[in-house]
Structure formats: structure tokens, C-alpha cells
Amino acid sequence: MEAWSVHHLSQATTPVLGKPAADHLKAYAQRLARAGLPVIFTLRHLAKITAVEYSVLRATVERRRESANYRMFAVKKRSGGRRHIHAVSGDLFKVQQFINLELLQKMRPHPASYAFHADGGIRKCASVHCGARWLLQYDLENFFHALSESDAYRVFMKAGYRPLLAFELARLCTTTRLPAHLKHHLRPKRLVASKKAYQFYVERTGATGVLPQGAPTSPMLSNLAAFDLDEKLTIFADLHGFTYTRYADDLTFSAGGELPERMSIGDIHRAIVGTIRKCGFRENAKKTRVAGPGSKKVVLGLLVDGTVPRLSRETYKRIDRHLHAAQKYGLVAVAEHEKFDSAIGFHNHLAGLIAFVKDVDTARWQEFHNQFSKIPAPMSAGA
């Protein structure tokens, strides 16, 4: 589609639009093609590319399909409380997959960002903090919901798409469908997208859509939309002798030596929190951690007290215990004992733990994988 658009655009549009307008569209198409991004002219063009009805995309952009587009369900978090997941309907899921694979995955996040792309990973992120004398760690509260359609709009504008289409792409990747207790996230954010874009639509409710957790576009969009946060925290880290990384909503600062002169832990903490808030995020105070000399150093579940990241003995023992119990008593009984909502929830949790081992200890992962493969998977979420 991209090749046709660039090669034939001049001939196809000149009779209709006139040469100046046709040349402008041709330059636009060439600019996107050079960047390796899909050439999309309009929302209707996107509908043709993805073979999804234009009326579905138009209604989505106008926020007339929120209930049809997203089914919400809650899953229990191990740390307490519930996480609300958006299951995306077939048509919109197809469009979001196209946007993610053909557009977002071809854009580069900040070098300090390690999640949701092929060049990152937990092990790679943790490894840059190995041998740290000091660790300061922060968690961003409601990370996806802190990013709005105006943040998404800026990502698509930066990619080179025209204002109206950038706005429409942002609407396709965000939602106003949230549980009542999270509706406060829908208030207009500090960065309103461009008036030039917003003049095309009137939002009756005044709500500003946010990234839905569960959509294929949300992970990479969150990475790209948090570029400004990563840039400011990297500058702060470089200035004061720290190393900074972000893995999704987990922020880590490490120092191999002493803390900066004339700066206390409190000074450093206030500077970091101030930057986080100026960039439109909030820190989760309950998950802020400081580990100094002599303390256990863990980044993303990996010990970083040596030259390479490694799993703790507690992690190995936990997986061993879960596998043994599941084999002896069955998934349903163990899920109930471990206070999971369902057997399938426990099964997925255990699968995730085992997958986590693969990147760090291949031999041990193979042992766990062989045992896990002998446990029958539950047939339904209610199992």
C-alpha cells in the first residue's frame, strides 16, 4: 500500500487536487516512507488498509462505540487491590494491531526505556545497575491511565502524521470507558492536543481518553509518550552521577560510588519526585525504595549485587513450591490456597514466573518448563 501511494500519488491526485496540493501529499507520503512508517492519508484510507468498516472507525473516533469496543474486567493484584483490564473487540483490535506493529514498533523510545520492545528486556535493564552502591526506585501510579489522548496525539504528530489524522489515531488508541472510581483520570490533562485538531470534534462529555490496559497499542504508546519524562530524568541522572532506567512504570536510579556532594537522600528524592510530577505522573509512595551500602539490591526481581543479574534463591524456591503443590493437589486447590480468583489466574501467574527465569537461567528454566508442561491447563476462567 505504501509503495503504491508514493509511486502513483502524483498522477492519481493532480487532476483532482491540482499540482501544488498533489505535490504536498506526495512529499508527505515520501517523508513517512523514508521513516519506514505506513503511509496513511485519512481515516477512510486506514479503514481500507485494515479492511475494517469506515463507520466503525468514525464512530470510535467520535466516542460512540466505547461499550462495543471494550469489555472491562478486573484481576486481583498480588500487592493488593485490583487491576482493570480492557479486552478490545475484534474490529478495533485489528486496527490497533496494525498501528502497533506497522507504526509504533518502528519508532524508537528513549534509550533509558527497556520495556515493550525488542531491544529491551528485564535482564538488560537490570544489568546496567549491577554493582550499584546505591539504588533509588520509584513506581508510577496508574501509568497507562496517566497518559491521555493528547499525549498519544503528540506521538503521532512527532511521527509525521498530519494533525487531523494524528488526532484520529490517538482516539483509536484511547478510551473513556473506565470504572467509576477511575473516572477522574478522564479530566483534561495539562497537555491539550492541538486546537487545530480538536476543532474537528466536539467532545460532549468533556472527557479526555486515556490508554486502556490490555490494548495492543498501549505498551509502546506509553513508552513513546513518556519520552519527555525519560529525557528529563536522564539529564538529572547524568548531572549527578546516577544511572537511570525505566521499565514500564518502574524507575530505577543507581550510583556505583558515593552520593553527590552537598545532596542528601531527601534532596535527591525531592528533585526526582518534582520531575515526575511536572511531567504529569504521580509516584506511588508505598513503592518508593532506597537501598544503600550493605543493603540487598534488587531490580525488576533480579539481584544486582554482582557483575551479572541473577535470580534470588527465594524465587527459585517459590516456583519449586508452586510446581510441587500443583502436581500433588491440582491447580484449583492451590489457586484457592494462594488466594487467586481462579485456577486459570494461578496457571498464568506460574507461567509468567517460569518465563521470567528463561532470560536469566536457561538450564533451570528448562527444568521448570518440563515440569509445568505436565500440569493440565484449566479449561476456563471459572475453573
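Residues numbered from 1 in each chain as written. Predicted model: local features only at pLDDT ≥ 70, side-chain atom pairs only at ≥ 80, totals over all residues. Heavy atoms only, no water.

1. Let's talk about the overall build of the chain
Move 1: Helices and strands together make up the secondary structure of the chain, namely 17 helices and 9 strands.
Move 2: Considering only residue pairs separated by 6 or more positions, the chain has 70% of its internal contacts joining residues 24 or more positions apart.
Move 3: If you sum the accessible surface of the chain, you get close to 19,100 Å²; carbon and sulfur atoms cover 54% of it. (Helix = DSSP H or I, 4+ residues; strand = E, 2+ residues; numbered from the N terminus. Contact = heavy atoms within 4.5 Å. Areas by Shrake-Rupley, 256 points an atom, 1.4 Å probe, with all protein chains shown as cover.)

2. A short note on helix α13 (residues 265–278)
Move 1: A rise of 1.5 Å per residue sets the reference length of α13, with its 14 residues, at 20 Å; its end C-alpha atoms lie 20 Å apart and thus fit the reference within 8%.
Move 2: I268, I272, V273, T275 and I276 are the residues of α13 that are buried. Along the long axis of α13, the arc covered by the buried residues comes to 160°, so they all point the same way. In this structure, α13 carries R270 and K278 as exposed residues pointing more than 90 degrees from its buried face.
Move 3: Elements that come into contact with the buried residues of α13 comprise β3 (134–139), α12 (227–240) and β5 (250–255).
Move 4: Downstream of α13 by one or two residues, G280 has phi in the positive range, about 90°. (Expected span 1.5 Å × (residues − 1). Buried < 20%, exposed > 50% of the residue type's maximum accessible area, 1.4 Å probe, protein only. Arc of directions from axis to C-beta.)

3. Description of the sheet that holds strand β7 (residues 298–299)
Move 1: Strand order in the open sheet formed by 3 strands is β7-β8-β9, and the pairing between neighbours is antiparallel. In this open sheet, the two strands that pair with only one neighbour each are β7 and β9 (310–311). (Pairing = 2+ DSSP bridges.)

4. Digging into the pattern of salt bridges
Move 1: Enumeration over the complete set of coordinates arrives at 18 salt bridges.
Move 2: The partner of E62 in a salt bridge is R64, and the shortest N-O contact between them spans 2.9 Å.
Move 3: Overall, E62 belongs to the partly exposed group, its relative accessible area being 29%.
Move 4: Note that E149 is salt-bridged to R171, the shortest N-O span being 3.1 Å. Of this pair, E149 sits in helix α8 (residues 149–159) while R171 sits in helix α9 (residues 163–172), and the two are 22 residues apart along the sequence.
Move 5: The buried category is assigned to R171, whose relative accessible area is 2%. (Salt bridge = Lys/Arg side-chain N within 4 Å of Asp/Glu carboxyl O.)

5. Focus: the nonpolar core
Move 1: Ranked by internal contacts, the top residues of the largest apolar core, which has 70 residues, are F156, Y161, L172, F253 and F281.
Move 2: Considering each element in turn, this core owes the most residues, 6 residues, to α9.
Move 3: If we skip the residues at most four places from it in the chain, F281 touches L140, F143, A146, L147, A226, L229 and I276.
Move 4: Judged by nonpolar contacts, the second largest core, of 29 residues, contains A132, A291, L311 and V357. (Core = buried A, V, L, I, M, F, W, Y, C linked by side-chain atoms within 4.5 Å.)

6. As for helix α14 (residues 313–329)
Move 1: Taking 1.5 Å of rise per residue, the 17 residues of α14 would be expected to cover 24 Å, and the 24 Å separating its terminal C-alpha atoms lies within 8% of that figure.
Move 2: Turning to α14, its buried residues number three or more, namely T315, Y316, I319, H322, L323, A325 and A326.
Move 3: On its buried face, α14 is in contact with β9, α15 (331–337), α16 (343–358) and α17 (362–372).

7. A short note on the sheet that holds strand β4 (residues 243–247)
Move 1: Taken in spatial order, the 4 strands of this open sheet run β4-β5-β3-β6, and their pairing is antiparallel. Either end of the sheet is taken by a strand with one partner, and the two such strands are β4 and β6 (289–291). Across the sheet, the mean angle from the axis of one strand to that of its neighbour is 15°, orientation sign disregarded.
Move 2: Here β4 pairs with β5 via 5 bridges, running antiparallel. In the strand pairing of β5, Y244 is matched with F253.
Move 3: Contacting β4 and β5, α12 runs over the sheet at an angle of about 155° to β4. (Axes fitted to C-alpha atoms, helices over the stretch in contact; angles between N-to-C directions.)

8. As for the confidence of the model for the chain
As a general rule, the predicted coordinates of low-pLDDT regions are not to be interpreted in detail.
Move 1: When pLDDT is averaged across the chain, the result is 88; 87% of the residues are at 70 or more.
Move 2: Across the chain, the secondary-structure element scoring lowest on mean pLDDT is helix α1 (residues 2–17), at 43, and the one scoring highest is β4, at 98.
Move 3: Predicted confidence for residues 190–194 stays below pLDDT 50, and this span has 12 contacts to residues more than four positions away or in other chains. (pLDDT = per-residue confidence, 0-100.)

9. A look at the side chain of N284
Move 1: Within the secondary structure, N284 sits in the loop between α13 and β6.
Move 2: With sequence-adjacent residues up to four places away left out, N284 is seen in contact with D139 and E141.

10. Let's talk about unusual backbone geometry
Move 1: Residue R63 is not a glycine yet carries a positive backbone phi of 60°.
Move 2: Positionally, R63 belongs in the loop between α4 (54–61) and α5 (66–69).
Move 3: According to the relative accessible area criterion, R63 is buried, its value standing at 9%.
Move 4: A positive phi angle, near 45°, is found at N142, a position not held by glycine.
Move 5: Structurally, N142 can be placed in the loop between β3 and α8.
Move 6: On the basis of relative accessible area, N142 is assigned to the partly exposed category, the value being 35%.

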